[in-house]
Amino acid sequence: DLSNRNQTQLNQLLNKILEVVNHERLIDNQTLFVTCSMGVALYPKDGSNFNELFKASDTAMRHLKGTRKNSFNFYTEDYHIERVNRVKMINELRKSIDNNELYMLYQPIYDMSDMTLNSFEALIRWKSPTFGQVAPNIFIDYAESTNLISYIDEFVFATCLKLRRKWHDFGDHSTVLSINLSSKGLVDSSFMHIVERLCLEHYYIPKGIQIEITETALISNFDLAKEHLTRLKRLGFIIALDDFGAGYSSLTYLHQLPIDCMKIDRSFSLNPGINNNQDLILQAILDLAHKLKLKVVAEGIETDKQKNFFLDMDCSLGQGFLFAKPEEEELANQRIIDRLEKN
Ligand code: C2E
Ligand code: MG
Ligand code: MG
């Protein structure tokens, strides 16, 4: 255990190391900026041998990298709990498919100018007997760090192909069902074969199914992502870029890839009309999307103010809790049937 005095001395030492490392250096006429991230583990609290201490300090350093660069971070017991939970959750997730714990909900997307139903987005849910309802953000992330994601992607595609086929049999040939493809799935060649097989199995030419991808896949391997998108497009899928504006949002993607639709990230709907710069950026993105003849959907519409803001910006498609939450398949089917009967 560190006494207060030792802790102060240790911090001074760590700061000293940062100071020494953190310098501009001129090498071969190039100025290099060196930064330094340190993880600190203490003997005997965090480990009793080199291996344990090394692992603990490595964990502490990894937690730093995402947040503050050029700094140091002490190992804490929480990191251990986090890791144990993660391992437990991944083990539970492994069983979830066979145990029927995964299911899909469907959130309607509306044309806000006349409030007619436009399409649906399929969103996965996991009800674990151990952890209860787990948010997809979390378990998709875990699944992507293992091979589990390909099973989940396959489950999502199979379920949605079947549902779209069902709507087709109802007599609906126009309502698009939008599905999220994981970043790993998009750059996985074996998953492409799975998609092709599923399309055959369900006797379905996937007209009416849109695939949402995020930038993460594009960043990890642009050429392969592009090749696969072209293949998916040839199969008949519609392609959407999800969460646009949340990451790097390189505008060059838009004309290099076969994209049909852009989904504007929820962060743009949060404070409409307050941050002038953000609104200007949004306006520029929308102008570009219109010029490229892309369909545009605003995500996360929760208030009338947000709805009117997007309508004023000439963006009429919207998705959000103001209109409907993600809902059970039966309700989505009913909406489709109601609309068929009205027309
Ligand atoms: P996403 O694809 O951007 O999906 C939209 C998310 O926004 C959904 O969260 C939806 O429930 C939520 N949302 C819709 N309207 C509103 C609103 O008005 N306000 C707020 N605050 N949120 C709204 P959800 O279902 O928790 O999914 C989160 C993310 O998890 C998704 O973001 C997507 O990236 C991922 N995900 C969900 N389902 C799947 C799936 O089947 N496969 C894959 N690979 N990822 C999925
Ligand atoms: Mg999505
Ligand atoms: Mg989104």
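Residues numbered from 1 in each chain as written. Chains lettered and ligands numbered in written order. Predicted model: local features only at pLDDT ≥ 70, side-chain atom pairs only at ≥ 80, totals over all residues. Heavy atoms only, no water.

Caption draft 1: Structural context of the packing of aromatic side chains. The tally for this structure, following the rule as stated, stands at ten aromatic pairs. Here the aromatic rings of Phe-157 and Phe-237 are separated by 6.2 Å at their centres, their planes lie at 70°, and the arrangement is edge-to-face. With a gap of 80 residues between them, Phe-157 in helix H5 (residues 148–170) and Phe-237 in the loop between helix H9 (222–235) and strand E10 (238–244) connect regions that are remote in the sequence. Each member of the pair, Phe-157 as well as Phe-237, carries the same accessibility label: buried. On the basis of an interplanar angle of 85° and a centroid distance of 5.4 Å, the ring pair of Phe-309 and Phe-310 is categorised as edge-to-face. Of the two residues examined, Phe-309 and Phe-310, each falls in the buried class. Grouping aromatic residues by their ring pairs yields a cluster made of Phe-157, Phe-191 and Phe-237. Here the basic side chain of Lys-325 rests over the ring of Phe-321, its NZ or CZ set 5.1 Å away from the ring centre. (Phe/Tyr/Trp six-rings, centres within 6.5 Å; stacked < 30°, edge-to-face > 60°. Helix = DSSP H or I, 4+ residues; strand = E, 2+ residues; numbered from the N terminus. Buried < 20%, exposed > 50% of the residue type's maximum accessible area, 1.4 Å probe, protein only. Lys NZ or Arg CZ within 6 Å of the ring centre and 35° of its normal.)

Caption draft 2: Fine view of the site of ligand 1. Ligand 1 sits among 24 residues. The nearest are Arg-125, Asn-180, Asp-242, Glu-302 and Phe-321. Between ligand 1 and Glu-121 there is a distance of 3.0 Å, counted from an oxygen atom to a side-chain nitrogen or oxygen. Phe-321 places a main-chain nitrogen or oxygen 2.8 Å from an oxygen atom of ligand 1. Look at ligand 1: alone it shows 800 Å² of surface, and the protein chains cover 84% of it. Listed by contribution, the elements that provide at least two residues to the shell around ligand 1 are strand E5 (102–111), strand E6 (116–128), helix H4 (136–144) and E10. Ranked by residues supplied to the shell around ligand 1, first place goes to E6 with four residues. Residues belonging to the shell around ligand 1 are distributed by class as follows: ten nonpolar, six polar and eight charged. (Near = heavy atom within 4 Å. Polar contact = N/O pair within 3.5 Å; in protein donor to acceptor, adjacent residues only side chain to side chain. Areas by Shrake-Rupley, 256 points an atom, 1.4 Å probe, with all protein chains shown as cover. Nonpolar A, V, L, I, M, F, W, Y, C, P; charged D, E, K, R; others polar.)

Caption draft 3: Just H5, in detail. For H5, which comprises 23 residues, the first-to-last C-alpha distance of 33 Å matches the rise-based estimate of 33 Å (1.5 Å per residue) to within 8%. One or two positions beyond H5, positive phi appears at Gly-171, with a value near 110°. (Expected span 1.5 Å × (residues − 1).)

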